[in-house]
Amino acid sequence: MNSHDGRASLQRAFERASELQPAGDFAARLRDHLRSATEAEKRRGSGHRRWLALVAGMALAVGLTGWVSQHRFSAPLDALAADAVGDHWNCGLKNRPIRTPIPLEQAAERFDPAYRVLLSAPPDDSLSRGGVAHVLERHSCSFGTRRFGHVILEYHNRIVSLLLTQQDDESVNDTRDTPPRLHGRSADGYGVVSVHGAGHTVLLVSDIDAQNLVQLSEAISVPVIRQLGGTVAVSDHEPLAALCGYPAVTNLIVPSS
Amino acid sequence: MFKRVAAEGDSDVWSRFEGEVLPHTDRLFRLAMWFERNRADAEDAVQDTMMQALKSFHRYEPGTNCRAWLVTILQRVVSNRRRARGRWVVVNDPDDRLALTVPFVPPVPQHLTDEEMLHALRRLPLAFQEVILLCDVEELTYKETAEALGIPIGTVMSRLHRARGQLRTELEATQPALLGASGPR
């Protein structure tokens, strides 16, 4: 038997093995599932467009054009928020990161010295206007092609992820330092607040309410950016976005449990 | 993204997906079943794979090897699921270490049953099973296999060589009587 015969025998054995065959209805079930998932996404998409139209009308009515301009969403920002939610879900909540997390020190040497800041910031117990956030774990991990410095915190018995990543041309349109900005809430209920500065973005992801998430971002994300050399200013008034609630993030992928 | 599927002429995209991707379901399932060893887990893995394929179907280039693209996604899905279950297969340098386990490469014996072939394959280290399944069973190129497994092409080639050698050793052990006639080693 030559190697070609051996390969053919193996292929035949694999194709004929009864224990490896799918159930008779599996292909049909799979097809239906995929089809319905596509339909559901289409409905969500049209709902999102209706929501946007409503918000646009309200914004015009109350003269909030400036706010809308400041808080408009862009596809690249959505992609960053989606990656942050994905990492929060996989690594922070399910402990099943795409690639094995590595120590921050190692990540600082291999990828970005900025990750070293997360060794001590935020402190193990951080006080925000809404309460105390306690650090559970610090490491570096990645989701898709994006690498993060990841600090997992507990806040009001909920898990919060603080994710530090480098800004790139695709992640932001405007590289100026910016105060906490809402990206939106995913279909699964995870909100994202980002702060930009010093060439980096710090994202806070959790299912806590919008106002708490923004307050927590002011308390723990902003100091991280400042330690990196950013000059982020935090306004004294409540962020309007927090009062309005979250619009939906587009293009968001949250792996199923 | 689904949104792109939904936006880009739904029925056209779905038809293309249905025509090009879904026919590979059975093959994907066999691979998933081999690695997961559990029907429910294998179905989940294939479903995850197809969902991801649908989301990124806009990146698939018609005319390229659709099966290789799907196998690459499946490999990532299975690998992530394995990690999630804590079934890590951590070997610092599997090729160097496992090379020591292939001291002799006998010829492939004749008259093997399907069951004997698969049992022999199952006895190989997982890294060897993967490369044999992808290169020999699924007929992916070295380059496609390298992408699917996330390893260099050179590693694929050397690992495949060693894997085939060890498979022949296992097959010989399956049928010692047959090989007894093949002469002294």
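Structural data are supplied above this passage.
Residues numbered from 1 in each chain as written. Chains lettered and ligands numbered in written order. Predicted model: local features only at pLDDT ≥ 70, side-chain atom pairs only at ≥ 80, totals over all residues. Heavy atoms only, no water.

S.K.: Tell me what's going on with the overall build of chain A, and back it up with residues and numbers.
M.R.: Scanning chain A from terminus to terminus reveals seven helices and seven strands. Its helices and strands in sequence order give chain A the pattern α-α-α-α-α-β-β-β-β-β-β-β-α-α, from N to C terminus. The proportion of buried residues among the 257 residues of chain A is 48%. Once local pairs closer than 6 in sequence are excluded, the contacts in chain A between residues at least 24 apart make up 60%. When the accessible surface of chain A is split by element, carbon and sulfur atoms take 52% of a total near 12,100 Å². (Helix = DSSP H or I, 4+ residues; strand = E, 2+ residues; numbered from the N terminus. Buried < 20%, exposed > 50% of the residue type's maximum accessible area, 1.4 Å probe, protein only. Contact = heavy atoms within 4.5 Å. Areas by Shrake-Rupley, 256 points an atom, 1.4 Å probe, with all protein chains shown as cover.)

S.K.: If you had to explain the pairing of strand β1 (residues 125-128) of chain A to someone new, which residues and values would you point to?
M.R.: Residue and element names in this part refer to chain A. Taking every second residue as pointing to the same face, the buried face of β1 carries S126 and S128, while none of D125 and L127 on the other face is buried. Relative to strand β2 (residues 131-143), β1 runs antiparallel, the two being bridged by four bridges. When the sheet's bridge partners are listed, S126 is paired in β2 with A133. Between β1 and β2, which pair antiparallel one after the other, the connecting turn spans two residues. (Pairing = 2+ DSSP bridges.)

S.K.: Go over the packing of helix α5 (residues 66-84) of chain B against helix α8 (residues 126-137) of chain B with me, naming the residues and quoting the values.
M.R.: Residue and element names in this part refer to chain B. Following both chains from N to C, one finds α5 and α8 inclined at 160°, their axes separated by 12 Å at the closest point. Classed by the angle they form, the pair α5 and α8 counts as roughly antiparallel. You can see that α5 and α8 cross each other, and the crossing is right-handed. Across the interface between the two elements, V71, Q75 and R82 from α5 touch L126, E130 and L134 from α8. Broken down by class, the residue content of the contact of α5 with α8 amounts to three nonpolar, one polar and two charged. (Axes fitted to C-alpha atoms, helices over the stretch in contact; angles between N-to-C directions. Parallel < 35°, antiparallel > 145°, perpendicular 65-115°, else oblique. Left-handed = near helix turned anticlockwise from the far one by under 90°. Nonpolar A, V, L, I, M, F, W, Y, C, P; charged D, E, K, R; others polar.)

S.K.: Give a detailed account of the packing of helix α3 (residues 25-36) of chain B against α8 of chain B, specifying residues and quantitative values.
M.R.: Residues and elements named next belong to chain B. Put simply, α3 and α8 touch, their axes get as near as 12 Å, and they point 165° apart. Relative to α8, α3 is oriented roughly antiparallel. When the axes of α3 and α8 are compared, the crossing they make is right-handed. Mapping the contact onto sequence places R27, L31, W34 and F35 in α3 and L126, Q129, E130, L133 and V137 in α8. Partitioning the contact of α3 with α8 into residue classes produces six nonpolar, one polar and two charged.

S.K.: Quick rundown of the environment of S217 of chain A? Include the residues and the values.
M.R.: Residue and element names in this part refer to chain A. Along the chain, the position of S217 falls in helix α6 (residues 210-227). What makes S217 buried here is its relative accessible area of 0%. Spatially, the C-alpha atom of S217 lies 6.5 Å from that of P180, the residues being 37 residues apart in sequence. Not counting the four nearest positions on each side in its chain, S217 is found in contact with P180, V193, V195, L204 and V222.

S.K.: Residues and numbers for α3 of chain B, please.
M.R.: All names here are of chain B. Look at α3: 16 Å from first C-alpha to last across 12 residues, which is about the 16 Å you get at 1.5 Å a residue. With 10 of 12 residues buried, α3 lies mostly within the body of the structure. Every buried residue belonging to α3 is among T25, L28, F29, R30, L31, A32, M33, W34, F35 and E36, and all of these are buried. Positioned one or two residues after α3, R37 has a phi angle of 60°, which is positive. (Expected span 1.5 Å × (residues − 1).)

S.K.: Tell me about unusual backbone geometry, and please be specific about residues and values.
M.R.: The step from A121 of chain A to P122 of chain A runs through a cis peptide bond, and the omega angle for that step is -5°. Along the chain, P122 of chain A turns up in the loop between α5 (104-110) and β1. Located in the positive-phi region is N157 of chain A, a residue other than glycine, with phi close to 65°. Its location among the elements puts N157 of chain A in the loop between β3 (146-155) and β4 (158-166). Phi is positive for R37 of chain B, close to 60°, though the residue is something other than glycine. Take R37 of chain B: it is sitting in the loop between α3 and α4 (39-55).

Any link to function would need more than the numbers given here.
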